Amino acid sequence: GANGRCVTGNHCRYCSAKYACKSLQESVYNAVDVVTSTVSVELDADAISAELTLLKYASDLIKFRLLAVEAKATDMVHNGASLNGWDVRQSFGRRRWKDEEQTRRLGDLLGVDVDKHALKTPTQVKALLKKQKIDGIIIDAYSETPAKGLKLKQDDGTRLSMLFNKV
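Analysis parameters
- Residues numbered from 1 in each chain as written.
- Predicted model: local features only at pLDDT ≥ 70, side-chain atom pairs only at ≥ 80, totals over all residues.
- Heavy atoms only, no water.
- Helix = DSSP H or I, 4+ residues; strand = E, 2+ residues; numbered from the N terminus.
- Polar contact = N/O pair within 3.5 Å; in protein donor to acceptor, adjacent residues only side chain to side chain.
- Contact = heavy atoms within 4.5 Å.
- Patch = residues over 30% accessible without salt bridge, like charges linked within 9 Å, V, L, I, M, F, W, Y side chains within 5 Å.
- Areas by Shrake-Rupley, 256 points an atom, 1.4 Å probe, with all protein chains shown as cover.
- Salt bridge = Lys/Arg side-chain N within 4 Å of Asp/Glu carboxyl O.
- Lys, Arg positive; Asp, Glu negative; His and termini not counted.
- Charge placed at Lys NZ, Arg CZ, Asp CG, Glu CD.
- Buried < 20%, exposed > 50% of the residue type's maximum accessible area, 1.4 Å probe, protein only.
- Arc of directions from axis to C-beta.
- Expected span 1.5 Å × (residues − 1).
- Axes fitted to C-alpha atoms, helices over the stretch in contact; angles between N-to-C directions.
- Parallel < 35°, antiparallel > 145°, perpendicular 65-115°, else oblique.
- Left-handed = near helix turned anticlockwise from the far one by under 90°.
- Nonpolar A, V, L, I, M, F, W, Y, C, P; charged D, E, K, R; others polar.
- Disulfide = S-S within 2.5 Å.

(A) How the structure looks around the side chain of Ser-27. Positionally, Ser-27 belongs in helix 1 (residues 22–36). Here Thr-8 takes part through its side chain, which lies 3.1 Å from a polar atom of the side chain of Ser-27. Apart from residues lying up to four places away in sequence, Ser-27 is in contact with Thr-8 and Leu-61.

(B) Region of interest: a positive patch on the surface. A cluster of basic side chains, namely Arg-94, Lys-148, Lys-151 and Lys-153, defines a positive patch on the protein surface. In this structure, Lys-151 sits in strand 4 (residues 147–154). Assessed through its relative accessible area of 43%, Lys-151 is described here as partly exposed.

(C) Quick look at helix 3 (residues 100–110). All of the buried residues in helix 3 are Thr-103, Leu-106 and Gly-107. The buried residues of helix 3 occupy one face: seen down the axis, they fall within an arc of 100 degrees. Exposed residues pointing more than 90 degrees away from the buried face of helix 3 are listed as Asp-108 and Leu-109. Here the buried face of helix 3 lies against strand 2 (96–97) and helix 5 (137–142). The opening residue of helix 3, the one whose side-chain oxygen lies 2.9 Å from the backbone nitrogen of Glu-101, is Asp-99.

(D) Local environment of helix 1. Here helix 1 contains 15 residues, and its C-alpha end-to-end distance of 21 Å stays within 8% of the 21 Å for a straight helix at 1.5 Å per residue. Among the residues of helix 1, Ser-23, Leu-24, Gln-25, Ser-27, Val-28 and Ala-31 are the ones counted as buried. In this fold, the buried residues of helix 1 make contact with helix 2 (45–78).

(E) Molecular detail of the packing of helix 1 against helix 2. Where helix 1 contacts helix 2, the two axes come as close as 9 Å, and the packing angle between them is 135 degrees. If you check the angle between helix 1 and helix 2, you find them oblique. Crossing of helix 1 over helix 2 shows left-handed handedness. On helix 2, the residues touching Leu-24, Gln-25, Ser-27, Val-28, Ala-31, Val-32, Val-34 and Val-35 of helix 1 are Leu-54, Leu-55, Ala-58, Leu-61, Ile-62 and Arg-65. In terms of residue class, the contact of helix 1 with helix 2 is built from 11 nonpolar, 2 polar and 1 charged.

(F) View of the state of the cysteines. Inspection of the entire model under this criterion finds 0 disulfides. Looking at Cys-15, it has no disulfide partner, and the nearest cysteine sulfur is the one in Cys-21, 6.2 Å off. The partly exposed category is assigned to Cys-15, whose relative accessible area is 33%. With relative accessibility at 14%, the residue Cys-21 sits in the buried group.

Here you go:
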């Protein structure tokens with residue numbers, strides 16, 4: 001803006017400096033104040049429409065700011081900083097097949113149709129094998145759980161407690 005301040009809006013989603021933006025931070029704090037106010041009023045259709053628009057706008061700003069601050073916090077912790085009450089942990093995806101063709105051959109050998117309309121997941125095939133009283137440990141050799149990267153997690157103290165309370 002003319003006074004050197006940024007104007008917040010949906011364009012904030014694309015801003016690379018949103019984690020450090022004072023205008024976005026203030027807008028988010030104001031949005032939280034509005035959402036957490038305890039004024040109870042019966043609203044007509046126009047007022048509901050206006051409030052939905054306002055809350056959607058505020059929600060978007062909060063999401064943009066949250067994603068940016070989470071990314072910055074993750075980077076800080078990854079680089080050795082300590083954030084009180086927060087930790088970065090490895091996150092994992094769903095178990096998946098390493099090689100679909102090998103999986104089909106394995107299914108044929110085990111007598112399990114792994115390709116009925118869609119390739120079944122490793123977990124589904126293990127369940128099928130269990131029903132047939134077959135140990136599904138072989139599935140682990142043909143499948144993997146991919147690492148998805150580091151994820152910021154709120155630490156409720158249980159990890160620290162586990163370190164100091166080992167018996």
